[in-house]
Each structure stands twice: as C-alpha cells, then as structure tokens.
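# Fold and geometry: a report
Residue-level listing of the chains:
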Amino acid sequence: MKDLTKMAAMAAVLIMGFASCSSDNDANTTVVKGSQEALDQACADWKVARANWENTEAFLFGAADVYSIDPHTDTWPVAANDLADVLRDEKAMADLDNFIKTANSGILGYHGLEYVLFRQGQPRKIDQITNLEYNYICAVAKDLYHATATLEAAWDSKESNAERHQIALNYVTTHLAIDDDGNQEGVLAGFQNFGKAFKNPGTGDWETALDATREIISGCQDIIGEVGDSKIGLPYTGEDNTYIESPYAYNSIIDFYDNIISCKNALYGQMGATTPNEKSLIYFCKNAGNATLAAQANNVESKLNTALAQIKAMKAPFALYYADASCQVAIDALGDLDEALGALDETLAGYAGNATVEAQCKVINENYVDYVVLASYRTLADNAQKLYQSIVKIKQ
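Read on for a plain summary of the structure. (Residues numbered from 1 in each chain as written. Predicted model: local features only at pLDDT ≥ 70, side-chain atom pairs only at ≥ 80, totals over all residues. Heavy atoms only, no water.)

### Thoughts on helix α10 (residues 162–174)
With 13 residues, α10 extends 19 Å between its outermost C-alpha atoms, agreeing within 8% with the 18 Å of an ideal straight helix rising 1.5 Å per residue. Those residues of α10 that sit buried are Arg-164, His-165, Ile-167, Ala-168, Tyr-171 and Val-172. Projected onto a plane normal to the axis of α10, the buried residues spread over an arc of 155° and lie on a single side. Turned more than 90 degrees from where α10 packs its buried face, Ala-162, Glu-163 and Thr-173 sit exposed. Those residues of α10 hidden inside the fold are in contact with α4 (69–74), α9 (131–155) and α18 (355–392). (Helix = DSSP H or I, 4+ residues; strand = E, 2+ residues; numbered from the N terminus. Expected span 1.5 Å × (residues − 1). Buried < 20%, exposed > 50% of the residue type's maximum accessible area, 1.4 Å probe, protein only. Arc of directions from axis to C-beta. Contact = heavy atoms within 4.5 Å.)

### What to know about the pairing of strand β4 (residues 184–187)
Where strand β3 (residues 176–178) lies against β4, 2 bridges are found, and the strand directions are antiparallel. Bridge assignment links Ile-178 to a residue of β4, and that residue is Gln-184. (Pairing = 2+ DSSP bridges.)

### A look at the packing of aromatic side chains
Tallying each qualifying case throughout the model produces 17 aromatic pairs. Between Phe-61 and Trp-206 the ring centres are 6.2 Å apart and the planes differ by 75°, which places this aromatic pair in the edge-to-face class. Placement of Phe-61 in the loop between α2 (36–54) and α3 (63–66) and of Trp-206 in the loop between α11 (194–199) and α12 (209–237) is noted, with a sequence separation of 145 residues between them. Feature note: the residues Phe-59, Phe-61, Tyr-67, Trp-155, Phe-194, Phe-198, Trp-206, Tyr-368 and Tyr-377 constitute an aromatic cluster, connected by ring pairs. If you follow Arg-50 out to its NZ or CZ, it ends over the ring of Tyr-110, 5.2 Å from the centre. (Phe/Tyr/Trp six-rings, centres within 6.5 Å; stacked < 30°, edge-to-face > 60°. Lys NZ or Arg CZ within 6 Å of the ring centre and 35° of its normal.)

### Details of a negative patch on the surface
A cluster of acidic side chains, namely Asp-65, Asp-180, Asp-181 and Glu-185, defines a negative patch on the protein surface. In this structure Asp-181 comes out as partly exposed when scored by relative accessible area, which is 49%. (Patch = residues over 30% accessible without salt bridge, like charges linked within 9 Å, V, L, I, M, F, W, Y side chains within 5 Å. Areas by Shrake-Rupley, 256 points an atom, 1.4 Å probe, with all protein chains shown as cover. Salt bridge = Lys/Arg side-chain N within 4 Å of Asp/Glu carboxyl O. Lys, Arg positive; Asp, Glu negative; His and termini not counted. Charge placed at Lys NZ, Arg CZ, Asp CG, Glu CD.)

### Comments concerning unusual backbone geometry
Cis peptide bonds are those with omega within 30 degrees of zero, and the linkage from Trp-76 to Pro-77 qualifies with 0°. Position of Pro-77 among the secondary structure elements: in the loop between α4 and α5 (80–86). The linkage connecting Ala-316 with the following residue, Pro-317, adopts the cis geometry, with an omega of -5°. Positive phi is not limited to glycine here, since Tyr-250 has a value of about 55°. Examined against the element boundaries, Tyr-250 turns out to sit in the loop between α12 and α13 (252–268).

### Here we look at the pattern of salt bridges
Under the counting rule described, the total for this entry stands at 18 salt bridges. One salt bridge connects Asp-370 with Lys-199, and the closest N-O pair in it is separated by 3.0 Å. Residue Asp-370 is found in helix α18, and its partner Lys-199 is found in helix α11; the two are separated by 171 residues along the sequence. What you see here is one network of salt bridges that share partners, running through Arg-50, Glu-54, Glu-57, Asp-74, Lys-231, Glu-245 and Asp-255.

### Brief notes about α9
Compared with an ideal rise of 1.5 Å per residue, which puts 25 residues at 36 Å, α9 spans 37 Å between its outermost C-alpha atoms and is within 8% of the ideal. Where burial is concerned, most of α9 is hidden: 22 out of the 25 residues are buried.

### Comments concerning the nonpolar core
Within the largest apolar cluster, 115 residues are counted, with the highest numbers of intra-cluster contacts made by Leu-113, Leu-117, Tyr-136, Trp-155, Ile-232 and Ile-391. No other element matches the 13 residues that α9 contributes to this core. Ignoring any residue separated from it by four or fewer positions in sequence, one finds Tyr-136 in contact with Leu-83, Val-86, Leu-87, Leu-96, Ile-100, Ile-107 and Leu-108. (Core = buried A, V, L, I, M, F, W, Y, C linked by side-chain atoms within 4.5 Å.)

### Observations concerning the environment of Gly-233
Mapped onto the elements of the fold, Gly-233 is located in helix α12. In the structure, Gly-233 is positioned 95 residues away from Gln-328 in sequence and 8.0 Å away in space, judged by C-alpha atoms. Once residues lying within four places of it in the same chain are set aside, the contact partners of Gly-233 are Val-227, Gly-228 and Ile-331.

Shown next as structure tokens:
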C-alpha cells in the first residue's frame, strides 16, 4: 500500500534534490563514527532483503493484509518532512522502538531505510549519516525484521519457529491497523495461522480448496495490475511522475521484475522455480486432460516470460527514464499476462463442486503454502534480520 495523496508533493522535491533529513538547522547533525565499508554492506543487504520482499507481493493476502504489514513496511513515496520532524522530536527519539510501532507508515520500512542509506543509486558517504539517522534506522530495521518474522510465523502451519512465533504474538498486540489511505484505525486482529487455513478449506477465509487455489491467481493479478497500471503506468503517463518506487537506490526496475518473479514462483509451485513442479497450479492445468486449460496454462507461461523480458529491457534507472517508450512495452506485456490469467481463472471456476478437482487443489495449496509462501517469508525474515544486524554495525 502506498499513501500517494499525502506524500506526492514532497516526493517531487526529493527525487530532484535528494535532500538529507540531517540538513535541518535545528536538528543535531553530529556525524556517526562508523565505517564506509559497513555502510556499503548495509546497502547491499538492503537490496537482498528488498528483493525478498518484492518476491512475496503475489501473496499479499492473509497476514500482510490483515496485520497491515504491507503498508507498515512498504509505503512510498517517503514522508521526508515527517521524518525530519521525528529526528528533532526528543520524546520520539528517546523511545524509538515504541514510537515506530504506531508512526506514520511513510517514514518506516524499506523506503525509510532507503532514504537514509542511498543517494542516486549509491550508498551515502559515511560522513553524511548523523547519529540521529543512525539511531532511527536501527529502530526501523528492527521493526522491519519483526514484521517479516510475523509473516513467517503466520504462514507456518506447523508453527515450527518458537522465537518468531513469539515475535508475531507481540507484533499483533503492539502495532496498529492502517486503512487504505494510510491512516491508523485501531488495534490489529489477534494472531491467526493463515497457513493452516489455506491448507484446510472451511476453517478460515477460504471455503473450498478451489477457492484457495483461485486466490493464488488473484494474488498474482493484483500485483501484475499494480506494477503495470501504477508503479510503471502513473509516472509513464504523466498522471503522477512522483510515484516512483525505490528512487534513492535506483532499484525500481529490479522491484518490478521481482514482483513478477513472485507470480512465477506462485504459479510454478516453488520459490526460485524455473519450470512448474508437479504439485503446482500450472502443472495441473497443463496435465488435467482438458485442452482448454492446457492451452490457457501454456499461454500464461508464454505471457509471463514475455512480461519478465520486457521489464528487464526497460531503460534504467526508472527514476530518470520513467517516460521512455520501453515502459509502454512492459505495460502492454503485463496487460497480456493479466488477461491470460483471467481466462485461466474463469475456466477453473467452472470446476466448482468437482470432487476430483477439489482434491487436486488441496495438493496444490499445501505445496503452495510450504514451498512458495512460507519458504519466501522465511528467507525474507532471515535476510531482514541480517539487514538489521548490518545496520547496527555501521557505528563503530
């Protein structure tokens, strides 16, 4: 979720000027005593953890939505004026761990960290990072790790990691819900296990196994539409040329690509899959003995590969070349992929009540939870923890 209305004007200034929060006259601008090598490593780890997050955006339903983790960790553009205010707020700075749990999401998560760590696609110089900024990003990175640990725990049907399960229990009792406009709106729902619910139809949000399987497609279509229509489309068309994701790290096109990789993983049944595995949705559709399903699945594969290729071919960095003609080619390819998935979903919907399909969907869903969603979130949490540790080490 991206709080566009509140932040667009300040984002325009940021993208052109890349001003530092620490430039404010009434803020403490004492520079952190640290090493450039450690800062560079933190930036490298940010890119890894960022890729891991983008690889989960095909399944933002469930915990990421219910617990407002998507807006809490991935709102952009950055609310730079609000962040500057925080760095001058002695009360907030004295209790950052608690402040961040309920703070404006526009100063948190990946992009709050990115804003402090990067300029024009490169790590900032260590002598530009203030002690206040350092203290702030340590707290934000810790909170980011806790958010990702909560995602892992909420999709782990066996609840196998006691430490992260406890983090999740704490997270849902200390953070606030966030509405579609980025406003806080009360407490979060209590902890629930979405992995168990997805595997066992009728126990949670999915009444049948086919409903859950179709959610896999819906999750993919949601992010495909967002990448094409909003992430690329809004800047490219001129509707909003401030709406640029990851502009300080020059990471936008990598973000877009990794978003569609999340769809590939979801449809192919495994994190990092290059071909559909035998328990995947695409494999089932290609081998179910239905010529229409097989043709539609083959078309999805073709359109998926084309979309990835066209995103990769976009002129970089997007923050500078968002009006390039290559953007339209990528938008069109994403539209074709969305249409192909819609046709496949419509055919699958016709199998409602079919016992054989229901049984096969249960196999697909169990595999999807363990080898796509949980595997992705576990990797994400591991590398978010590593990022937090790297940021702490910036200061000598």
